[in-house]
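Here is what each chain is made of, one letter per residue.
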Amino acid sequence: MARWCYRHRLVVLLLWVGALFGLGFAGSAAGTNYADTFSLPNTDSKSAYDLMEKAFPERAGDTDTVVWKVDSGSVRDESVRSRIEPALVEIGKMKGVGDVTDPYAAGGAAQISEDGRIAYAQVTFAEQANAVPKELVQDVVDTAQGAERAGLDVELGGQAIQRVQEPPTGLAELVGVAAAAIVLYLAFGSFLAMLLPIGIAIFGVGTGMFSTQLLSHVTNVPELASLLATLIGLGVGIDYALFIVTRHRRGLMRGEKPEDAAVTALNTSGRAVLFAGGTVVIALAGMLVMNMRFLDGVVVGTAVTVVLSVLAAITLLPALLGLLGTRVLSRRQRRRLAAEGPQPDRTSGLAVRWSANVERHPRKVAALAVVVMAVLALPLLSLRLGTTDQGNDDASSTTRQAYDLLAEGFGPGFNGPLQVVTESPDTESLVTGIRATEGVAQVVALPPGQGVTVIQVVPTTSPQSVETDELIDTLRDQVIPDAGVTAHVGGVTAVSKDFSSVTADRLPYFVLAIIGLGFLLLMVAFRSIVVPLTAAVMNLIAAAASFGVLVAVFQYGWGLDILGLGKEGPINSFLPVIMLSLLFGLSMDYQVFLVSRMHEEWVHTKDNARAVRVGLAETSRVINSAALIMVCVFLAFVLSGDTGAAMAGVGLAAAVALDAFILRTALVPAAMHLLGKSNWWLPAGLEKRLPHLAVEPKEDGSGPAPAAASSGATVVHGFVRDGEGVPVDGAVILLLSKGGRQLDRVTSLADGSYIVSVPVPGTYLLAATAPSYAARARHVVVTDEPLVHDVELADGEVDAVN
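Each chain has its residues counted from 1, following the order in which its sequence is written. The predicted origin of the model limits local features to residues at a pLDDT of at least 70 and limits the giving and counting of side-chain atom pairs to 80 or more, whereas totals for whole chains, interfaces and linings rest on all residues. Here the side-chain values reflect all heavy atoms present in the structure, with hydrogen atoms and water set aside.

Q: Describe the pattern of salt bridges, listing the residues and the values that go with them.
A: Oppositely charged side chains can form a pair if their charged atoms are brought close together. One speaks of a salt bridge when a side-chain nitrogen belonging to Lys or Arg is within 4 Å of a carboxyl oxygen belonging to Asp or Glu. Evaluation of the coordinates by the stated rule reveals 14 salt bridges. Here lysine 69 ties to glutamate 408 by a salt bridge, and the two come within 2.9 Å at their closest N and O atoms. Of the two residues, lysine 69 sits in strand S1 (residues 63-70) while glutamate 408 sits in helix H15 (residues 398-410), which places them 339 residues apart along the sequence. Burial here depends on accessible area, computed with a 1.4 Å probe over protein chains only, as a share of the maximum for the residue type. Under 20% is buried, over 50% is exposed, and the range in between is partly exposed. The class of glutamate 408 is partly exposed, set by a relative accessible area of 48%. Two residues, arginine 81 and glutamate 85, come together in a salt bridge whose shortest N-O distance is 3.1 Å. Note that arginine 81 and glutamate 85 are positioned in helix H4 (residues 78-93) at a spacing of 4 residues, about one turn of the helix. What makes glutamate 85 partly exposed here is its relative accessible area of 23%. Overlapping salt bridges, with partners in common, bring together Arg3, Arg7, Glu259 and Asp260 in one network. Strands here are runs of E lasting at least two residues and helices are runs of H or I lasting at least four, both read from the DSSP assignment and numbered beginning at the N terminus.

See below:
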């Protein structure tokens, strides 16, 4: 497929451009029909909602609030009324506004606070918040705030109002892409190579976003799904293309033709991308076991975007590689390739030094990494799930100020009233019992409809407080049973509490499911029990530490002012499920990329220390670059204006950073050094029964064949050092037969390590040379097991071998 896409690159490109613009046109024409459905089956709040829907059919439009306050006097004063009333009348005449409840009209006294300084009016639009034109909402805001004067403050709250406060659509995405572009340019040194992952991500996210818009018309998709799909799509789209382009560039530098390099890259890294993308989708699908309608829509939006991003990486990317040819390399690399010919793969610099340091001090590195992660995880002990509202908005926003004014004038619980719903004809005893309950500020029984009575209960505490949750439990467990009636407690606050309770109850099963799935996938891929077990533990550690960071920022409020994210509050109930799904999928990507290289080296040498050292040295740079790109993309969603998206962005950025920079490059290799050969243990009976899965097959001709490739084949490996034990980089090691025929030739890495292939057991001559050193040679006797042989070079010494 890769070769076909490469050769028919214009056709592939036109198909993708057509798909992007076609879906974009269809999505724009159809619009969006997002539905934030938080209700859960078999919960008390859902029963209350069903009764209310039966008696009082849901009003079509979104209801928002205009709140005003005077510094002195009363809102009833003529000087205030003469400014507010005309504004409310003008708002009521706007096309798209259905109704305005005026506190100055008959029966509106309850909309004025007891001290007379704060009042509110409710504005009901003809459409739901997502469908109300922003121009109309802005006109309402401008008209209402146009009534302000010195001593008279006017603020507005509600979902429609909140939409006009959000930063321009696409700002977060643009910032994330710009940051990723900088990282890619530093990694590649080529402008055209930098554009490839960005282009793949744009096509994947664009088609995914428009597809999600269309799907919102046939299933319940929350608005947050679009933001999360964009966030995840940008991250995985850029990362997957990064892996493939990196492998393609390596092939070009080794002298391969562009077409062959592209095919090889897709057949190796492309397979890993398919595996990684598949695990992300499977992890997302795991959310379906939670049986939450809200999460079902999130699964649909994010999974579609991930699938399209993977599809773009394995079809559109080879087509773009065909269009660019060797220009995917920088000018300096092309000049060097033309002047010096094919360049061997070399790993040097910080990655090699760090890998060697981990090998020398595995206990210290592991202990330090565990301490860091444990400290970051401590705030997790005080995690409290809930739902953010406009009380968590930035203090300068009109929605937050309206929220605070309502709490000041009518009590903290006014922003989240409870509805006790009953079909019982006699509600007097129930109302009396509720009124006498501690924590209740106000109780009003509304006129019954269709035999259903709704009792409005205003708590004395805010919707997010623990005391309000306790009040809901008291009403359900004590007050309602004592009244001898059948009733249910509903309302947004009660739905939020039920959502949090259900999430907490089902989360352990969800965690076991995705951890178990990851264990099985890695066991099949790496033929090991210990490697997947280590990965499972690391995933749990990463999740604990990232949630600790999340609690510290959003629940404790550390750094919220710096980030401009408003007021502290509980962690959104849905976030643990979403974060764990995505963390599982993304960390699997890094684990496969890291351990597959270690596993390949282990198959060659049966030397665990070398396998871990070489695997870490050769993959850590790409893993860290990919993780840095993800962190930039995720953190950019702090600018989205959506608290839920910002919370997910910070949490995922912390999770990816900790997973890549601490776990995969420090704790995992340190643990594997300490575990030794047991890393690769698999019971013989299980080995025979497990299917074989080639996650990333070895490139053709890219190095010595595996030991099992020919009968009796093995290897000689070790280090080349000088007399003081300093690694010799670039030493040439030759393996010669007894007759002097060259069998293999390699160059030592920056840490001095080397590995040569031996065709069959026997006696051979191993020679090593390096600039500034005399040649050294030794006869080596190789059995059917890998042989470890270190070489020491010295100045001015000649070592002759007969």
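Q: Lay out the packing of helix H16 (residues 428-435) against helix H17 (residues 466-483) with the relevant residues and their values.
A: Following both chains from N to C, one finds H16 and H17 inclined at 140°, their axes separated by 8 Å at the closest point. The orientation of H16 relative to H17 falls into the category oblique. Our pair here, H16 against H17, has a crossing hand that is right-handed. Here H16 contributes Ser429, Leu430, Gly433 and Ile434 to the contact with H17, which in turn contributes Leu475, Val479, Ile480 and Ala483. Classifying every residue of the contact of H16 with H17 gives 6 nonpolar, 2 polar and no charged. Only the stretch in contact is used when a helix axis is fitted, and all axes are lines through C-alpha atoms; the angle between N-to-C directions ranges over 0 to 180 degrees. When an angle is under 35 degrees it counts as roughly parallel; over 145 it counts as roughly antiparallel; between 65 and 115 it counts as roughly perpendicular; any other value is oblique. By definition, turning the near helix anticlockwise from the far helix through less than a right angle yields a left-handed crossing, and turning it clockwise yields a right-handed one. Any two residues having at least one pair of non-hydrogen atoms within 4.5 Å are treated as being in contact. Under this grouping Gly is polar, as are all residues other than the nonpolar Ala, Val, Leu, Ile, Met, Phe, Trp, Tyr, Cys and Pro and the charged Asp, Glu, Lys and Arg.

Q: Run through a nonpolar patch on the surface, naming residues and quoting values.
A: Nonpolar side chains (Val, Leu, Ile, Met, Phe, Trp, Tyr) are joined into patches within 5 Å and like charges within 9 Å, using only residues with over 30% relative accessible area and no salt bridge. Here the Shrake-Rupley method, with its probe set to 1.4 Å, supplies the accessible areas, and only the displayed protein chains count as covering residues. On the surface, a cluster of nonpolar side chains totalling about 610 Å² of accessible area is made up of Ile182, Tyr185, Leu186, Phe191, Leu192 and Leu195. Of all the secondary structure elements, the ones that give two or more residues to the nonpolar patch are helix H7 (171-188) and helix H8 (191-215). Mapped onto the secondary structure, tyrosine 185 falls in helix H7. Classification of tyrosine 185 as partly exposed rests on a relative accessible area of 41%.

Q: How would you explain helix H3 (residues 44-55) if you had to name every residue and give the values?
A: In this model H3 runs 17 Å from its N-terminal to its C-terminal C-alpha over 12 residues, within 8% of the 16 Å that 1.5 Å per residue would give. Taken residue by residue, H3 has Ser45, Lys46, Ala48, Leu51 and Ala55 as its buried positions. Considering only its buried residues, H3 is in contact with strand S6 (418-422), H17, strand S9 (487-490) and helix H18 (492-526). To estimate how far a helix should extend, the number of its residues minus one is multiplied by 1.5 Å.

Q: Which residues make up the sheet that holds S6, and what values do they have?
A: Sheet architecture is open: 4 strands sit in the order S7-S8-S6-S9, paired in antiparallel fashion. Edge strands, defined here as strands with exactly one partner in the open sheet, are strand S7 (440-445) and S9. Across the sheet, the mean angle separating the axes of adjacent strands is 20° when strand polarity is ignored. Against the sheet, H16 makes contact with S6, S7, strand S8 (453-459) and S9, and its axis sits at roughly 165° relative to S7, the strand it touches most. Strand pairing is assigned whenever DSSP detects at least two bridges linking the two strands.

Q: Please set out the pairing of strand S14 (residues 753-758) residue by residue, giving values where relevant.
A: Looking down a regular strand, the side chains alternate between one sheet face and the other. Taking burial as the measure, the 6 residues of S14 include 6 buried ones, the bulk of the element. The alternating pattern of S14 places Ser753, Ile755 and Ser757 and Tyr754, Val756 and Val758 on opposite faces, both of which are buried. Strand direction decides the pairing type here: strand S11 (residues 714-722) and S14, joined by 6 bridges, are antiparallel. Bridge pairing in S14 links threonine 714 to valine 758.

Q: For helix H5 (residues 134-145), give the residues involved together with the corresponding values.
A: End to end, H5 covers 16 Å across 12 residues, agreeing with the expected 16 Å (1.5 Å per residue, within 8%). Residues Leu136, Val137, Val140, Val141, Thr143 and Ala144 constitute the buried set of H5. The elements touched by buried residues of H5 are S1, H4, strand S2 (97-101), strand S3 (118-125), strand S4 (152-157) and helix H6 (159-165).

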